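Here is how the chains run, residue by residue.
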Amino acid sequence: MATLIRGKLSNKLSNAATAVSNKSQAKVSGMFARMGFQAATDEEALGFAACDDLDYDHRQGMQMDILTSDEMAGEGSGDGGALDGDSHYQRDGTGPSRSASKDGGPTNELAEVRPKITAWEAGWNVTNAIQGMFVLGLPYAILHGGYLGLFLIIFAAVVCCYTGKILIACLYEEDEDGQLVRVRDSYVDIANACCAPRFPTLGGHIVNVAQIIELVMTCILYVVVSGNLMYNSFPNMPISQKSWAIIATAALLPCAFLKNLKAVSKFSLLCTLAHFVINVLVIAYCLSRARDWAWDKVKFYIDVKKFPISIGIIVFSYTSQIFLPSLEGNMQKPSEFHCMMNWTHIAACILKGLFALVAYLTWADATKEVITDNLPPGIRAVVNIFLVAKALLSYPLPFFAAVEVLEKSFFQDGGRKYFPDCYGGDGRLKSWGLTLRCSLVVFTLLMAIYVPHFALLMGLTGSLTGAGLCFLLPSLFHLKLLWRKLQWHQVFFDVAIFVIGGICSISGFIHSMEGLIEAFKYNIEE
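Residues numbered from 1 in each chain as written. Predicted model: local features only at pLDDT ≥ 70, side-chain atom pairs only at ≥ 80, totals over all residues. Heavy atoms only, no water.

Caption draft 1: Spatial organisation of the overall build of the protein. A count of helices and strands for the protein gives 18 helices and four strands. Partitioning the contacts of the protein with sequence separation of at least 6, the portion at a separation of at least 24 is 78%. In the form shown here, the protein has an accessible surface area of approximately 24,500 Å², with 65% of it arising from carbon and sulfur atoms. (Helix = DSSP H or I, 4+ residues; strand = E, 2+ residues; numbered from the N terminus. Contact = heavy atoms within 4.5 Å. Areas by Shrake-Rupley, 256 points an atom, 1.4 Å probe, with all protein chains shown as cover.)

Structure (structure tokens):
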């Protein structure tokens with residue numbers, strides 16, 4: 001009896017210590033997440049890493065696991081499975097998940113509690129997603145669009161804010177009591193629901209293809225901008241832009257060995273702060289030349305051939321829809337999502353408009369594709385080096401997400417695998433998995449070498465996947481899933497956005513492809 005009592009006391013003390021340790025770890029992780037040290041703080045990181053179960057176990061702050069023993073769970077609700085008052089969102093919609101003990105012994109019932117983020121933290125993530133380094137191409141859009149380009153910056157903000165809200169509305173359905181219940185989890189789930197029952201997986205495949213294209217194109221843009229910035233920072237060095245791109249890619253080869261985002265997420269806040277400082281420096285320099293601003297150069301007419309490319313650039317700078325379902329599901333108060341979307345997009349609209357206009361007024365017709373290339377040599381070198389560091393540190397995030405989508409689609413699809421698993425039983429990466437990753441790095445390099453045009457690539461991506469994911473699909477899904485509950489003005493908005501988005505997407509894609517084909521031919525001839 002004494003031995004049994006001692007055993008029970010020992011188990012209770014051990015379980016209590018484990019719970020306290022795990023709670024402390026989660027609190028520390030949550031604190032760092034609020035400071036910005038999470039994979040989601042980079043402008044592309046959250047958009048790429050937070051969608052469709054990517055890096056699910058390693059996203060810090062937003063989804064840090066707290067493992068609670070069966071004895072702690074038993075003190076909560078009567079079923080012994082969930083903590084008292086636990087109403088956190090579960091991805092499968094079935095309540096707290098269970099996991100078995102690692103030693104293969106009796107299974108411990110473990111409640112998985114995920115700390116939520118506030119509306120301010122969600123807004124910080126959205127702001128980083130739509131205020132990234134690709135805003136450096138917006139002055140070039142004003143060069144070819146004039147005041148209409150400024151109008152499009154405002155228009156894109158309004159439309160993307162609206163489509164983000166209706167995309168989240170597609171996650172919910174009313175139950176028997178008329179209460180909204182979250183029945184879907186991701187963009188892919190919404191797409192599949194729209195194509196069911198005839199083609200239950202077609203929509204998900206379309207979204208995944210668009211997602212992969214956008215991720216890979218983002219990686220290519222990082223290599224292009226790195227080569228461009230280094231070449232223009234040191235023009236007297238006997239190194240071409242292509243050579244700089246090769247050097248940058250050599251530094252990125254270790255990305256092929258990444259297993260999770262934990263190793264790179266700590267740099268996210270530093271990247272964001274560095275980019276903020278860079279924007280301040282550019283604006284400060286432009287303000288110092290306010291007396292020379294060329295207001296007469298801002299046109300009321302557009303360059304018909306190049307303006308569609310500007311549309312793609314502007315749309316691409318607002319892309320965030322792909323990760324919004326995951327973000328909204330992790331908010332403490334999902335009811336604050338609409339308010340958060342309003343103020344983040346208003347702030348983005350104001351800041352982007354001012355940055356693009358001020359930069360264009362400073363350099364007028366001499367505005368380059370990447371605005372920092374217009375800075376004086378001394379300032380340009382310092383600013384561009386910071387931007388290159390930011391681009392190289394940001395590259396692993398979309399790269400890892402693209403690899404995850406490819407592996408999940410073709411190598412890890414349960415019993416319907418197209419190819420063998422990329423990982424062995426011990427968790428090590430197999431040769432063909434490493435080949436896939438290295439091939440993806442090399443592909444981004446080849447594209448950056450043969451099409452080293454930042455604005456064209458950005459315009460193509462924005463016209464193809466940006467307009468599709470931000471304009472076309474959300475409005476189409478909203479009409480399909482909630483047709484009977486929509487008011488006439490909502491139907492009108494959805495149809496108008498679909499038509500306008502389609503026209504912009506097609507025209508931008510055609511003109512971008514024409515420019516890319518010409519650039520590709522020119523580089524091949526060289």
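Having seen the model, we can carry on.
Caption draft 2: The arrangement of the pattern of salt bridges in detail. The final tally for this structure, using the stated rule, is three salt bridges. Residue Arg182 pairs with Glu328 through a salt bridge whose shortest N-O separation is 3.0 Å. Of this pair, Arg182 sits in strand S4 (residues 180-182) while Glu328 sits in helix H12 (residues 324-329); the two residues are 146 residues apart in sequence, bridging distant segments of the chain. The burial state of Arg182 is the same as that of Glu328; both residues are buried. (Salt bridge = Lys/Arg side-chain N within 4 Å of Asp/Glu carboxyl O. Buried < 20%, exposed > 50% of the residue type's maximum accessible area, 1.4 Å probe, protein only.)

Caption draft 3: Here's a closer look at a nonpolar patch on the surface. Together, Val209, Ile213, Leu464, Ile506, Phe509 and Ile510 give the surface a local cluster of nonpolar side chains, amounting to about 490 Å² of exposed area. Only helix H7 (202-233) and helix H18 (488-525) provide two or more residues apiece to the nonpolar patch. Counting residues per element, the nonpolar patch draws most heavily on H18, which supplies three residues. (Patch = residues over 30% accessible without salt bridge, like charges linked within 9 Å, V, L, I, M, F, W, Y side chains within 5 Å.)

Caption draft 4: Geometry of the packing of aromatic side chains. Summed over all chains, the structure comprises nine aromatic pairs. Relative to Phe493, the ring of Tyr162 has its centre 6.1 Å away and its plane inclined at 80 degrees; by these criteria the two rings are edge-to-face. Separated by 331 residues along the polypeptide, Tyr162 in helix H5 (residues 138-169) and Phe493 in helix H18 bring together distant segments of the chain. For Phe493, a relative accessible area of 39% corresponds to the partly exposed category. Between Phe234 and Trp244 the ring centres are 6.4 Å apart and the planes differ by 35 degrees, which places this aromatic pair in the tilted class. Within this pair, whereas Phe234 is found in the loop between H7 and helix H8 (241-252), its partner Trp244 is found in helix H8, the two being separated by ten residues in sequence. Residue Phe234 is classed as partly exposed on the basis of its relative accessible area of 25%. The rings of Tyr162, Phe492 and Phe493 are connected pair by pair, giving a single aromatic cluster. (Phe/Tyr/Trp six-rings, centres within 6.5 Å; stacked < 30°, edge-to-face > 60°.)

Caption draft 5: The packing of H5 against helix H17 (residues 454-481), seen in detail. The interhelical angle for the contact between H5 and H17, taken along N-to-C directions, is 35 degrees, at an axis separation of 10 Å. Between H5 and H17 lies a crossing of left-handed hand. For the pair H5 and H17, the contacting residues are Tyr140, Val159, Cys160, Tyr162, Thr163, Ile166, Leu167 and Ala169 in the first and Ala455, Cys470, Phe471, Pro474, Ser475 and His478 in the second. The residue makeup of the contact of H5 with H17, split by class, is eleven nonpolar, three polar and no charged. (Axes fitted to C-alpha atoms, helices over the stretch in contact; angles between N-to-C directions. Left-handed = near helix turned anticlockwise from the far one by under 90°. Nonpolar A, V, L, I, M, F, W, Y, C, P; charged D, E, K, R; others polar.)

Caption draft 6: Representation of the packing of H7 against H17 in the model. It is the contact of H7 with H17, at a shortest axis distance of 10 Å, that shows an interaxial angle of 155 degrees. The pairing of H7 with H17 is recorded here as roughly antiparallel in orientation. Judged by the sense of rotation from one axis to the other, the crossing of H7 with H17 is left-handed. Within the contact between the two elements, H7 uses Val207, Ala210, Ile213, Glu214, Met217, Ile220, Leu221, Val224 and Val225 and H17 uses Phe454, Leu457, Met458, Leu460, Thr461, Leu464, Thr465, Gly466, Leu469 and Leu473. When the residues that make up the contact of H7 with H17 are grouped by side-chain class, the tally is 15 nonpolar, three polar and one charged. (Parallel < 35°, antiparallel > 145°, perpendicular 65-115°, else oblique.)

Caption draft 7: Structural detail: unusual backbone geometry. Looking along the chain, the bond that leaves Ala196 and enters Pro197 is cis, with omega of 0 degrees. Structurally, Pro197 can be placed in the loop between helix H6 (187-195) and H7.

Caption draft 8: Summary view of the side chain of Thr319. Structurally, Thr319 is set in the loop between helix H11 (307-316) and H12. Looking at Thr319, its side chain comes within polar contact range of the main-chain oxygen of Phe316, at 3.0 Å. With residues up to four places along the chain from it excluded, the contact list for Thr319 reads Ala129, Ile130, Glu214, Gly466 and Cys470. (Polar contact = N/O pair within 3.5 Å; in protein donor to acceptor, adjacent residues only side chain to side chain.)

Caption draft 9: Molecular detail of the environment of Ile206. Counting through the fold element by element, Ile206 comes out in helix H7. Spatially, the C-alpha atoms of Ile206 and Asn192 are 9.4 Å apart, while their sequence positions differ by 14 residues.

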